[in-house]
Amino acid sequence: SNVGGSGDVKAVWIRGSRSGAWLPMHRNWGANWQSSADLRNQRLSFKMTLVDGKTLVFLNVVPSTWSFGQTFSSKSQFF
């Protein structure tokens, strides 16, 4: 949320600590993205690409003890 710089998020992928592959996420509404993959009890990593082509990877930003409705943040930023 609140991405500065070039702005719009073009694509998001998610990876569980046991899933191995990056799985595409789909925009649900506005800044909300979702995946239908079952990634419970796994650490989660995210990869985001902005419309200007910049890509940033957020590794293991969500612990395996996460539950639905929680919010997590990272100090990584797009510049």
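Residues numbered from 1 in each chain as written. Predicted model: local features only at pLDDT ≥ 70, side-chain atom pairs only at ≥ 80, totals over all residues. Heavy atoms only, no water.

A.B. asks: Could you give an account of the sheet that holds strand β5 (residues 44-50), naming the residues involved and the relevant values?
C.D. replies: Strand order in the open sheet formed by four strands is β2-β1-β5-β6, with antiparallel pairing between adjacent strands. The sheet terminates laterally at β2 (23-24) and β6 (55-62), the two strands that pair on one side only. As paired strands, strand β1 (residues 9-16) and β2 are joined by two bridges and run antiparallel to one another. Bridge assignment links Trp 13 to a residue of β2, and that residue is Pro 24. (Pairing = 2+ DSSP bridges. Helix = DSSP H or I, 4+ residues; strand = E, 2+ residues; numbered from the N terminus.)

A.B. asks: Tell me about the nonpolar core, and name the residues and values.
C.D. replies: Of all hydrophobic cores here, the largest spans 13 residues; its most connected members are Ile 14, Leu 44 and Phe 46. Listed by contribution, the elements that provide at least two residues to this core are β1, β5 and β6. Of the residues forming this core, the biggest block, four residues, is contributed by β5. Once residues lying within four places of it in the same chain are set aside, the contact partners of Phe 46 are Trp 13, Ile 14, Trp 22, Met 25, Leu 56, Val 57, Phe 58, Val 61 and Val 62. (Core = buried A, V, L, I, M, F, W, Y, C linked by side-chain atoms within 4.5 Å. Buried < 20%, exposed > 50% of the residue type's maximum accessible area, 1.4 Å probe, protein only. Contact = heavy atoms within 4.5 Å.)

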